[in-house]
Amino acid sequence: IIEKVRAREIFDSRGNPTIEADVILSDGSLGRAEVPSGASTGEREAVELRDGGSRLQGKGVSKAVNNVNTKINDALHGQSPFEQNKVDQTMIDLDGTSNKEKLGANAILGVSMATARAAAASQKVPLYRYLGGVDLELPQPFFNVINGGAHADSGIDVQEFLLTPVKRDSFRDGVEKVANIYHTLKTVLGKEGYETAVGDEGGFAPKLASTEAAIEMLYRAIKESGYKPGSEIAIALDPASSEFYSDESKKYSFEGKELSSEELLSYYQDLIKEYPAVISIEDGFSENDWDGFHKQTETMGKEIQLVGDDIFVTNPTIFKEGIEKGVANSILIKLNQIGTVSETIDTIKLARENGYTTMISHRSGETGDTFIADFAVAMNAGQIKTGSMARSERVEKYNQFLRIEEELEGKIPMAQFPK
Ligand code: PGA
Ligand code: ZN
């Protein structure tokens, strides 16, 4: 049973305070989890409780820590760690708000993840096994190698340019291919006189003139590494377009132009015609432009994957509405957008029942915690994005997959997208 729940303020990969939670069981088992934090957050995400005031730019989480140490500790004391739903529901009820603003989604998620860890430790099984049982699968990884938008001062409007090894013999083989391209890309950028410093997610942040220029660089790096764009290494984009959409004018302020929803759609259509290696676009339309997202799904949804991130915020209720309205054919899954492990699993189930693919995701503000790697394997999520081949808070997740692959002696199946 749960003996004690406690938290502390630690720091994330951007130097901002975040929560680390411990769940201690009566048998002495410890579960510990660290909570990530986004920059281009969806408006309807569960609320990160921050202190305000002057300490640490107002970003302190001492109130959330205090909520864990007092209210949550009192409520969970004596409960079974093996009943994840009940533990999560206790915290949801204790909070009482729809967006977890009272206790803080950061406080609640830390405890939720730490509970799963403690339960796994008590049973002496790896987290992926505890959460997933016997039916396990390694996901298709997406590596964010060029950073723009809110994640870098590169001036590129598209936030993420990702590479995915569609042809790979193993997870390790996929990581090796992308590592090769990552280093080649650095050389290519350097030769052209661009900066090779990295952004928040470990991708390069060169001041490239356009989306096309960035994709051209990727094609070059893929080819110069000896691979074929499209059939071996594919490309995915996350424009995170809510960031450049105006709710007032209903226009997208993109690469110096003011585009209507229709114009942006034809831009994407031309883009995938010109670059057939692009197989997935996330948040191509704003979280406040459901109609635009729906039209994109109607016109492009048969050809490529269209991922909803800010628009669904991993929330089963909002996602249900999106399914009914025919928005996207894939959903990004971020635990801290909704705030508990159980609700995240509900959203994944909903996706599966409705033929949506799922991509587990890190946040741009991350920690050394590799929970999402185990989680992706346990959920048979199919896909994951967790940054580039640089910055340990990103690479550690890929390293965790290498460990899991080794532990399962290559017997674990690999998800393949596109099939
Ligand atoms: P965020 O970005 O973590 O800064 O919200 C990730 C994404 O948009 O996918
Ligand atoms: Zn996104």
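Keep in mind the model is a prediction, meaning the values are calculated, not measured.

S.K.: Sorry, what's going on with the coordination of the zinc ion (ligand 2) here?
M.R.: Around a metal, the perfect tetrahedron of four donors has angles of 109.5 degrees, and the perfect octahedron of six donors has angles of 90 or 180 degrees. At 2.0 to 2.2 Å from the zinc ion (ligand 2) lie its protein donor atoms, namely Asp238 (OD), Glu282 (OE) and Asp309 (OD). The motif formed by the donor residues of the zinc ion (ligand 2), counted along the single chain, is D-x43-E-x26-D. In this pair, Asp238 sits in strand 6 (residues 233-238) while Glu282 sits in strand 9 (residues 278-282), placing the two residues 44 residues apart along the sequence. The burial state of Asp238 is the same as that of Glu282; both residues are buried.

S.K.: I tried to follow helix 1 (residues 62-76) on my own but got confused; where do I start?
M.R.: Side chains three or four residues apart in an α-helix point the same way, a direct result of the helix having 3.6 residues per turn. Over its 15 residues, helix 1 runs 20 Å from end to end, which matches the ideal 21 Å to within 8%, given 1.5 Å per residue. If you look at helix 1, its biggest bend is around 35°, right at Val68. Taken together, the buried positions of helix 1 are occupied by Ala64, Val65, Asn67, Val68, Ile72, Asn73 and Leu76. Lining the buried residues of helix 1 we find strand 1 (2-11), strand 2 (17-25), helix 2 (84-95) and helix 3 (105-123).

S.K.: Whenever I open this one, unusual backbone geometry confuses me. Can you help?
M.R.: For residues other than glycine, phi is negative in most cases, and the peptide bonds are mostly trans. Along the chain, Phe417 connects to Pro418 via a cis peptide bond; the corresponding omega equals -5°. Within the secondary structure, Pro418 sits in the segment after helix 13 (392-407). Non-glycine residue Ala240 carries a positive phi angle of around 45°. Structurally, the position occupied by Ala240 is in the loop between strand 6 and strand 7 (252-254).

S.K.: So what exactly am I meant to see when it comes to the UniProt feature "domain: Enolase C-terminal TIM barrel" (unreviewed entry) in the protein here?
M.R.: As recorded in UniProt, the feature "domain: Enolase C-terminal TIM barrel" (unreviewed entry) lies at residues 135-418. Each end of residues 135-418 is marked by a C-alpha atom, and these two atoms are 21 Å apart; helix forms 39% of the span and strand 17%.

S.K.: Which parts of the structure should I look at to understand the packing of aromatic side chains?
M.R.: A ring pair, where both rings are aromatic, is described by two values, the distance of the centres and the angle of the planes. Following the criterion strictly, the structure yields 16 aromatic pairs and no others. When the ring of Trp290 is compared with that of Phe312, the centres are 6.4 Å apart and the planes differ by 80°; the resulting orientation is edge-to-face. A residue pair is termed long-range when its members are at least 10 positions apart, and Trp290 in helix 8 (residues 290-300) and Phe312 in the loop between strand 10 (305-308) and helix 9 (316-324) qualify at 22 residues. Exposure remark for Trp290: the relative accessible area of 14% places this residue in the buried category. Residue Phe312 is classed as buried on the basis of its relative accessible area of 0%. Chaining the aromatic ring pairs together yields one cluster made of Phe244, Tyr245, Tyr252, Phe254, Tyr267, Tyr268 and Phe285. The ring of Trp290 carries Lys325 above its face, with NZ or CZ at 5.2 Å from the centroid.

S.K.: Looking at this structure, I do not really get the layout of surface pockets. What am I missing?
M.R.: The probe, sized like a water molecule, is rolled over the atoms to show the empty space still left. The calculated volume of the largest pocket comes to roughly 200 Å³. Lining the largest pocket are 13 residues; nearest its centre among them are Thr357, Thr358, Ala381, Gly382 and Lys419. If you list the elements that add at least two residues to the lining of the largest pocket, you get strand 12 (357-361) and strand 13 (382-385). Considered class by class, the residues forming the lining of the largest pocket number 4 nonpolar, 6 polar and 3 charged. In terms of lining, the second largest pocket is formed by 14 residues, of which the most central are Ser98, Asn99, Lys100, Asn315 and Ile338. Only helix 9 and helix 10 (335-338) provide two or more residues apiece to the lining of the second largest pocket.

S.K.: Quick question: what am I supposed to make of the sheet that holds strand 2 here?
M.R.: The pairing of strands in a sheet happens through backbone hydrogen bonds and is either parallel or antiparallel. Strand order in this open sheet of 3 strands is 1-2-3, and the pairing throughout is antiparallel. On the outer flanks of this sheet lie strand 1 and strand 3 (30-34), each paired with one strand and no other. With strand direction ignored, the average angle separating the axes of adjacent strands in the sheet is 15°. Sheet topology places strand 2 next to strand 3; 5 bridges connect them, and they run antiparallel. Residue pairing in the sheet places Val23 in a bridge with Gly31 of strand 3. Across the face of the sheet, helix 1 comes into contact with strand 1 and strand 2 while running at roughly 175° to strand 1. Set on the sheet, helix 3 makes contact with strand 1, strand 2 and strand 3; between it and strand 2 the angle comes to about 35°.

S.K.: So what exactly am I meant to see when it comes to empty space enclosed by the protein here?
M.R.: For the structure on display, the rule yields 4 cavities of 30 Å³ or more. In this model, the largest cavity occupies a volume close to 120 Å³. As for the largest cavity, its lining consists of 16 residues, and the residues nearest its centre are Pro36, Met113, Leu335, Glu366 and Ile372. Elements that contribute at least two residues to the lining of the largest cavity include exactly helix 3, helix 10 and helix 12 (371-378). Among the residues forming the lining of the largest cavity, the class breakdown is 6 nonpolar, 4 polar and 6 charged. In this model, the second largest cavity occupies a volume close to 90 Å³. Around the second largest cavity, the lining comprises 16 residues; the ones closest to its centre are Ser40, His151, Gln159, Glu160 and Lys334.

S.K.: Just checking my understanding: could you explain the confidence of the model for the protein for this structure?
M.R.: Low pLDDT marks stretches whose predicted atomic positions should not be read closely. Within the protein, residue pLDDT values average 97, and 100% of them lie at 70 or more. Confidence estimates for the predicted assembly give a pTM of 0.98 and an ipTM of 0.99.

S.K.: Just to check I follow, could you spell out the site of ligand 1 for this structure?
M.R.: By nearness alone, 15 residues border ligand 1, and Ala39, His151, Arg363, Ser364 and Lys385 come closest of all. Between ligand 1 and His151 there is a distance of 2.8 Å, counted from an oxygen atom to a side-chain nitrogen or oxygen. The separation between an oxygen atom of ligand 1 and a polar side-chain atom of Asp238 is 3.1 Å. Protein burial of ligand 1: of its 280 Å² of free accessible surface, 100% is covered by the chains. Applying the majority rule of atoms within 2 Å of the grid points places ligand 1 in the second largest cavity.

Cut-off values and rules
Residues numbered from 1 in each chain as written. Chains lettered and ligands numbered in written order. Predicted model: local features only at pLDDT ≥ 70, side-chain atom pairs only at ≥ 80, totals over all residues. Heavy atoms only, no water. Donors = N, O, S within 2.8 Å, 3.2 Å for Na, K, Ca; no water. Helix = DSSP H or I, 4+ residues; strand = E, 2+ residues; numbered from the N terminus. Buried < 20%, exposed > 50% of the residue type's maximum accessible area, 1.4 Å probe, protein only. Expected span 1.5 Å × (residues − 1). Bend = angle between axes of the 7 residues up to and from the residue. Contact = heavy atoms within 4.5 Å. UniProt positions renumbered as here; feature names shortened; annotations may be inferred. Phe/Tyr/Trp six-rings, centres within 6.5 Å; stacked < 30°, edge-to-face > 60°. Lys NZ or Arg CZ within 6 Å of the ring centre and 35° of its normal. 1 Å grid on protein atoms, 1.4 Å probe; cavity = no way out; pocket = protein on both sides within 12 Å on 5 of 7 lines; lining within 4 Å. Points joined across faces, edges and corners; volume = space filled by probe spheres on them. Nonpolar A, V, L, I, M, F, W, Y, C, P; charged D, E, K, R; others polar. Pairing = 2+ DSSP bridges. Axes fitted to C-alpha atoms, helices over the stretch in contact; angles between N-to-C directions. pLDDT = per-residue confidence, 0-100. Near = heavy atom within 4 Å. Polar contact = N/O pair within 3.5 Å; in protein donor to acceptor, adjacent residues only side chain to side chain. Areas by Shrake-Rupley, 256 points an atom, 1.4 Å probe, with all protein chains shown as cover. Sits in = over half its atoms within 2 Å of the grid points.

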